[in-house]
Structure formats: C-alpha cells, structure tokens
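Structure at a glance
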Amino acid sequence: MRKKKVQISLLLAFVSFTAALAGCGNSPDDILNKKEVKVGVKNDIPNFGLMNIDTREFEGFEIDVAKEVCKKVFGDDVKVEFEAVTAKTRGPLLETGELDMDAATFTITDERKETYNFSQPYYTDHVKLMVKKSSGIDDFMGLDGKTIGVSQSATTEESLKEAAKEAGITLNFSEFSSYPEIKAALDSGRVDCFSVDGSILSGYLNDSLKLLPDEFSPQEYGIAMAKRNTKLAKEVDNVISDMKENGELDKLMEKWGLNQ
Amino acid sequence: MNEFMAALESVFTKSNLIYMFRGLGVTLYVALISVLLSMVFGTILALFRSYGNKFLKGFSIVYIELFRNTPNLLWVLAIRFMVRMPKPFDAPMYSGILSFTLFTSAVMAEIVRGGLNSVPKGQFEAAFSQGFNFPKTIVHIILPQCFKAIVPSMLSQVITVIKDTSFLAQVAIEEFFNNSKWVMSAQIDSTINQTMRVFIIFGFISVVYFVINFSLSCIVRSRKKRQTA
Amino acid sequence: MSAFSVDKWEKLFDNIGPFFQGFGVTLYIVLFALLMSLALGVVFGVMSASHNKILRGISRVYVEFFQNTPLLVQVFFLYNALPYMNINLSVKLIGILGVGVYHGAYMSEVVRTGIEAVPKGQEEAAISQGFGYTQIMKSIILPQALKIMLPPLTNIAANLIKNTSILAIIAGGDLMYQADSFASSTLAYGPAYLVVGIMYFIICFPLARLSGYLEKKFGEKPKPKDYTELLKSYKVGEEESK
C-alpha cells in the first residue's frame, strides 16, 4: 500500500512538473519585439482559411486579415508563419505560447474572455445546421431527438442547447475533434446533422446536403491572443478598429465574397 | 464499373496523393525518431532498474509504472495542449515525438530488462575475472548480448508505434491518417459515389499500413529463422 | 501555473459526474472486449497450431491483418464505413468488437506459442492412448500451455485496457472521451487529464501487479529435487572415503 501511495504522489509530481513547462515563457510584452510571428489559422474552410494542397500555402479572408494586422503591429519586415489549427487545438496552443495569435473563426464569448484576449470582432457569422437532403428534416424542430455532430471546443453545443431548451425539444450531441470527422459521420449517418458556423459549413456543402433555414447566436470572430499579452491585445485591437474605419476590412470581405 | 473508376479518379488525384504521402512521411519520421530515442532512454531506464542504487531504481520504477498504466492517447493530448516545445522543435509533430518517446521509453525499458535478465550471470563473473570494471562490462559484454536477444520485440514495438501515430490526427498533426481523412471528406460533387470513395480510401489506408508493418515483421521473422538455424 | 489553477479544479469537481459515467463505460467495454479477445485468442491460437494447412492459413490471415493495421483505422472503419452497407453498430458494440478482435490476434499468437512449447511427446503419447484431437487440446495441451501463456496474456490485457481510450475518437462516451470533452469546453486541461490518468492507473495497475506475480510464479525454473538424503541411504558417497 505504501509503495502505491509513493508511486501515486510521484505520478502527481511528475505530471505537475510537465505542466510547469507550460508556464515557462518570455515576459509577456517581449512579444511585441518579435520579428517572426506564428498565427493559427484554419486549413479546411474555403474563403476563410484553406490550405491549397498544391502550393502548401494558406489562403483566405482570415489569412489576409492576419497578415495586415501583423504588418501593422510588428512592422513591415515581420515574417508571418501560419499553422493549421482546429477548434480544439487553437486555444491551448496560445496558452503554451506556441502560437502568438489565432485568426481561426474563433468566436468571442464571455467565458472565453476569461482565458484569452480578443480583439474586437472582424466578422459576424451564425451557427447553422446542415443535413442530408434525403433526411426529410426541414427545420430546427425536426431535429427533436436527433443527434447533432459538433466540434470539440466550439460554441456550437452551448448555443444549440439553449435554443433547444427554448423551443422545448431535446437534442443529442456527438463531439469530434475535427470537421472532416463530423462530415464523415454525417455522410455515414452516424449523426443526423452537422452543426457549426455557417461559413465553415459552406466549405462542405454539396448537392446532396442542405442548410436548414434557422440560424442561431451571432458568432463574432475575433483575433485571439494569450491572456498575458495585454499590450499585444491592445495593439491588435487598434489595428482592427482602423481597418474597419478605413474600409480595408470591407475590401477584404469583398475579395473573398463574404459581404454581409 | 464506371462509377468505381470515377470514384477512384476523384480520390487519387495528384494533389491528394502528394498530400497523403506527405502525411506518410510525417508518420514514418515521427515513428522512427520516437523509437530511436526510446531505445536510448529505455536502455538507460532498464540499467537504472536492474543495477542502479535505491534512488535510480525507484525513479525508474515510478517512471515505467506511470507510463505503462496510462493510455498513450492521454499523453498525446496532455503534452500537445500543455507543453511548449522550445525552438527549433516547435513544429507540431515534435510534440508528437515527445509524447511517443516518453511513452515508448517505458515499454522499451521493460523489453531491455527482459533482455538483460536473459544474459547469463556467468558473463559478469567472467568479465570481472578478466579485469573489466562494471561500466565496461555492461557496454562491451552484456548490452550486445542483450540487444541481440531483444531485436524481435523491438521491431514489434516499432510496428506498434507506426500504428499508434494515427492518434496524432486528434491533435491536428498532419500525419498519414489525418491527411487521408481530409481527402475522404473533401468537397466532391454528388455524382461521385461517396460509398465507393469511402471504401477506396479505407482500403488504401489499410494497404499502406499493412505493407509497411508486414514487411517489418517479415524482416523480424527471417532474422529469427537465421538465428535459430 | 495557469494549467492547474484552483478555479479549474473547481470546475472539475462540479462536473465530476460524467467522469464516473465514462469510468463505468470503460469498465464495461474492457470486460466484454477482454472476454471476446480471449475467446478469439484460444480459437485462432488452436487453429494456427493445427496440422491442417487451411486452418493455419485462415488463422494466419486473421493475425497478420489485425496486427499490421492500426486499431484506430479498424474502429473508424466500423464507425464510418459500415453504415454505408446499412450496418449500424452502436458505439459501445464497436468498442467491444474493434478492441476485442484486434487484441484477439495478439492473444492467438501467445496461445500458439504456448501450445508449441508443450513437448510434442505429450501429443504423441495421448494419441497412442486413444485420445481424440479436441480431448488432447482440452485436457492435455492447453492446461500445460497455460503456464507459459499467462504472463504475456496479462500483458496484452493491460494494453487492451489502455486501448479502449480509442473510443474517445468516435464519441464513445468512455473515460477518455469525457475527459477530452470536458477539457475542451471548460479549458481545464490540467485537472481533467490528471484525474483521468489516475483513473486509468487504478484500472491498470492491479493487472500489472498480477502479471508480475504470475511471471515470477510460472517463470521459475524447476528446482532439482534434493537427492542427498536418498543417496546417503544407498551409501553412495561413502565408498570414496574408504
């Protein structure tokens, strides 16, 4: 018994030690002096963040926004490196410091604001629902008792749970770690509906699928940064604010066909 | 038949193939480096456990028990989300290499310990009688015999690591399984039979893993035959 | 350390219910997958040690296929590809089936090694006494092989327990899934993974201890009987001193 206690306490110590590595980093404001910046973006959402598998370059609205922001905050000669993230990985990688910021369809919520810094919104989307045309489901009420595939760490589940409560229906949820998996589950019938922000769904839409007319909770996307980088957050926020005022943001939205 | 050909074509486009094989490169790279590092650390741990003083022995036992009684997936997730990799190791795959190395070292340690136990005790005595000191005995006499004996188990472990790299898809590391899944869900027009696409891709994934692992296990078997012959 | 801050621990204990649920699901799957893999292991192990080429071939295919492809790919196939053929298995069943069949392949190899380790003379003696094949296996070979098989079998069982974590990837509701789901939505990674690690440890550790004990017990080389007393009674040693 004693041996087991010793082993368990050593286990705890070891894991805490490993986690301590997570806390290590430079002083938070040094980040502004960086000349090489890493930004987390999506790689599977047409028009927002998509990887062109031929050129291995990332292309999309968020990539352009991120580039502009980095240039204005860090200087024109900054080297911006993009890394593919999923809803699941984008947050933690900010905390560990591997990424300096995220421009990855990251919705601003009060709860998230406790853990991350966000710039003001640069785009607003809504949670949407995608089903097979053959499913016979026509609206939100038709999902009563059905299973909805959502991404882990996304705001989708919360928003839908609230809406379901109000509408008086019950929903089941299956969480997955990436969108391709949810799409595969929808295709195979494991879930009846694929739900996430409309912009993301548009990348998976095809002739046999349709979007339900309902939309939920406006999703405001902001640039996310680690909580400790307060100076950086201020600077980025200013840049977004400027881009809104001088019409740069609108131009980029037009370029990618995202006019709201 | 036409449907099948169409599905085949839509899966095996040049871009898709390059993307998937890129992933395979990452898979093999991660597996190889993890195994090599684990062999080194595993051996050290085994030596600590069998010949170390109380402290080293205790540390080694705790480490081994810790990693042998928890799932690999747990460590992949925990390390990816909580540990910052220093430059120049900040590409995502290095986090995978770290978690695999930590986990596999424990397994390797047990394999090596089995190998050490199989070396007859007489070897030590003979070496000492010839004037070898302890470290020299270990390095020149015991370890070579030990490694010869455990090659099959080690190669078996390599195969296991290659298979386990499929976990890395969970943390957005672009290895073979991840990339193949991406191809499976990529937007296609609905004239292409999705059922066929899915089965074709699964078949492809299985064949690739099978060929690699089976070849490795055949090498193990032919070596075993030669040894016992 | 922000990874382990107090409020994260609070969130964990508020939501501890799903963790215990996941623990239960994991135990359930472990139990049935273990039974299935043992059953498959014995059946295919006996088949691969048989004199019949066809049986050996079938068993070989089974073992090679499941040992050389990742468990995750197999489970994913059951989950996402089978439905296209209108075979919709419940997630728990997929867990039991996938994990059971995969580990059955490893178990069958252990069974085969055990059977082959029993001296051939046993089988020949039994045949000369008129035993039928199944009887030989059941009453003579397997009991002796058991000693050799037990330690590696417990090793495979330990791996089986850890591999049930694969269910997290197909939204299986097991321990790993609950931890992951909780950690993703509350960002309380540290406490979640730590608690789950301890829970897996609790399930696996007793098995590891058992394996070590069995290894010691059955791994001992038989000690030669002490014949000195007997020899003394025959006055063997005394001749030389005369």
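Residue numbers restart at each chain and count upward from 1, following the sequence in its written direction. Working convention: letters from A go to chains and numbers from 1 go to ligands, in the order in which they are written. pLDDT decides what is reported in this predicted model: residues at 70 or higher carry local features, side-chain atom pairs at 80 or more are listed and counted, and totals for whole chains, interfaces and linings draw on all residues regardless.

Describing the overall build of chain C
A run of H or I in DSSP counts as a helix once it spans at least four residues, and a run of E counts as a strand once it spans at least two, with each numbered from the N terminus. Across its full length, chain C holds 11 helices and 0 strands. Starting at the N terminus and ending at the C terminus, chain C contains elements arranged as α-α-α-α-α-α-α-α-α-α-α. Burial in this document is a count-based property: other C-beta atoms within 10 Å of a residue's C-beta are tallied, and the residue is buried at 20 or more, exposed at 12 or fewer, or partly exposed in between, with C-beta positions derived from the backbone. Taken across its 242 residues, chain C has 41% of its residues classed as buried. Counting contacts in chain C only where the partners sit at least 6 residues apart, residues at least 24 apart contribute 77% of the total. In this description, any two residues whose backbone-derived C-beta atoms lie within 7 Å of each other are considered to be in contact.

Re the overall build of chain B
Counting secondary structure elements, chain B contains 9 helices and 0 strands. Listing each helix as α and each strand as β along chain B from the N terminus yields α-α-α-α-α-α-α-α-α. Taking the principal axes of the C-alpha coordinates as reference, chain B spans close to 80 × 50 × 30 Å. Within chain B, the fraction of its 229 residues that count as buried is 45%. Pairs at least 24 apart in sequence give 79% of the contacts found in chain B among residues at least 6 apart.

So, the interface of chain B and chain C
Residue-level contacts link 28 residues of chain B with 27 residues of chain C. Counting residues per element, the ones that place at least two in the side of chain B that touches chain C are α4 (72-82), α7 (134-164) and α9 (194-228) of chain B. Among the residues making up the side of chain B that touches chain C, the classes are represented as 17 nonpolar, 9 polar and 2 charged. Each residue gets one of three labels, nonpolar for Ala, Val, Leu, Ile, Met, Phe, Trp, Tyr, Cys and Pro, charged for Asp, Glu, Lys and Arg, and polar for the others, Gly among them.

A short note on the UniProt feature "domain: ABC transmembrane type-1" (unreviewed entry) in chain C
UniProt positions are given in the numbering used here, feature names are shortened, and annotations may be inferred rather than shown by experiment. In the numbering adopted here, UniProt assigns the feature "domain: ABC transmembrane type-1" (unreviewed entry) to residues 23-211 of chain C. For residues 23-211 of chain C, the helix share is 82%, the strand share is 0%, and the end-to-end C-alpha distance is 23 Å.

Considerations on the nonpolar core
One finds Met225 and Val236 of chain A together with Tyr193 of chain C to be the most contacted residues of the largest nonpolar core, which totals 196 residues. Domain delimitation follows an automatic or database domain assignment. Viewed by domain, this core spans two of them, domain 1 (26-122 + 222-255) and domain 2 (125-219) of chain A, each represented by three or more residues. Apart from residues lying up to four places away in sequence, Tyr193 of chain C is in contact with Leu74, Leu77 and Ala78 of chain B together with Ala179 and Ala183 of chain C. One nonpolar core equals one set of buried Ala, Val, Leu, Ile, Met, Phe, Trp, Tyr and Cys residues connected by C-beta atoms within 7 Å.

What about the environment of Asp192 of chain A?
Residues and elements named next belong to chain A. Locating Asp192 in the fold gives a position in the loop between α6 (179-188) and β11 (193-197). In sequence terms Asp192 and Ile182 are 10 residues apart; their C-alpha atoms lie 10 Å from each other. With near-sequence residues (within four places) excluded, Asp192 lies in contact with Val131, Ser135, Ile137, Leu143, Lys146 and Thr147.

Structural notes on the UniProt feature "transmembrane region" (unreviewed entry) in chain C
All names here are of chain C. The feature "transmembrane region" (unreviewed entry), as given by UniProt, occupies residues 20-49 and 187-208 in the numbering adopted here. This span, residues 20-49, is 97% helix and 0% strand, and a straight line between its end C-alpha atoms measures 43 Å. Taken end to end, residues 187-208 has its terminal C-alpha atoms 32 Å apart, with 91% of it in helix and 0% in strand.

Overview of the packing of helix α4 (residues 71-81) of chain C against helix α5 (residues 91-117) of chain C
How two helices pack is summed up by the angle between their axes together with the distance between the axes. All names here are of chain C. In the contact formed by α4 and α5, the axes pass within 10 Å of each other and the chain directions differ by 145°. The two elements α4 and α5 cross, and the hand of that crossing is right-handed. For the pair α4 and α5, the contacting residues are Leu71, Gln74, Val75, Leu78 and Tyr79 in the first and Ile94, Leu97, Gly98 and Tyr102 in the second. Residue composition of the contact of α4 with α5, grouped by class: 7 nonpolar, 2 polar and no charged. Working convention: axes come from line fits to C-alpha atoms, limited for helices to the stretch in contact. Angles between N-to-C directions cover 0 to 180 degrees. Less than a right angle of anticlockwise turn of the near helix away from the far helix marks a crossing as left-handed, whereas a clockwise turn marks it as right-handed.

Re the pairing of strand β10 (residues 172-176) of chain A
Residue and element names in this part refer to chain A. Here 5 bridges tie strand β9 (residues 147-151) to β10, and the two strands are oriented parallel to one another. Bridge pairing in β10 places Thr147 opposite Asn172. In terms of handedness, the path from β9 via helix α5 (residues 156-167) over to β10 forms a crossover that is right-handed. Pairing between strands is defined by DSSP: at least two bridges between them are needed. A clockwise path from the first strand over the helix to the second, with the strands pointing away from the viewer, defines a right-handed crossover.

Describing the sheet that holds strand β2 (residues 44-45) of chain A
Hydrogen bonds along the backbone pair up the strands of a sheet, which may run parallel or antiparallel. Residues and elements named next belong to chain A. If you trace the 3 strands from one edge of the open sheet to the other, you get β2-β3-β4, paired in antiparallel fashion. The open sheet has two edge strands, β2 and β4 (57-59), and neither has a second partner. Pairing of β2 with strand β3 (residues 49-52) involves 2 bridges; the strand directions are antiparallel. Within the sheet, the bridge partner assigned to Ile45 lies in β3 and is Gly49.

Digging into the packing of helix α2 (residues 14-51) of chain B against helix α3 (residues 54-68) of chain B
Residue and element names in this part refer to chain B. Axis separation between α2 and α3 bottoms out at 7 Å; the angle between their running directions is 125°. For the element pair α2 / α3, the angle class is oblique. The crossing of α2 and α3 is left-handed. Between α2 and α3, the residues in contact are Leu45, Phe48 and Arg49 and Leu56, Lys57, Phe59, Ser60, Ile61, Tyr63 and Ile64, respectively. Taken together, the residues of the contact of α2 with α3 break down into 7 nonpolar, 1 polar and 2 charged. Small angles under 35 degrees read as roughly parallel and large ones over 145 as roughly antiparallel, with 65 to 115 read as roughly perpendicular and the rest as oblique.

Regarding helix α8 (residues 176-185) of chain B
Burial within α8 of chain B is extensive, with 10 of its 10 residues counted as buried. Every buried residue belonging to α8 of chain B is among Phe176, Phe177, Asn178, Asn179, Ser180, Lys181, Trp182, Val183, Met184 and Ser185 of chain B, and all of these are buried.

Quick word on unusual backbone geometry
Unlike most non-glycine residues, Asn47 of chain A shows phi in positive territory, near 80°. For Asn47 of chain A, the location among the structural elements is in the loop between β2 and β3. One non-glycine residue with positive phi stands out, namely Ala172 of chain B, at about 55°. Inspection of the secondary structure puts Ala172 of chain B in the loop between α7 and α8. For Ala172 of chain B, a count of 22 C-beta atoms within 10 Å puts it in the buried group.

Here we look at the confidence of the model for chain C
All names here are of chain C. Mean pLDDT over chain C: 82, with 89% of residues reaching 70 or higher. Per-residue confidence from the prediction method is given by pLDDT, with values spanning 0 to 100. When mean pLDDT is compared element by element in chain C, helix α3 (residues 53-68) scores highest at 91, while helix α11 (residues 238-241) scores lowest at 51. With pTM at 0.82, the complex prediction returns an ipTM value of 0.84.

Thoughts on the environment of Ala126 of chain C
All names here are of chain C. Following the sequence through the fold, Ala126 ends up in helix α6 (residues 120-128). For Ala126, a count of 18 C-beta atoms within 10 Å puts it in the partly exposed group. Between the alpha carbons of Ala126 and Met137 there is a distance of 10.0 Å; along the sequence they are 11 residues apart. Dropping the residues within four chain positions of it, Ala126 is found in contact with Phe131, Ile136 and Ile140.

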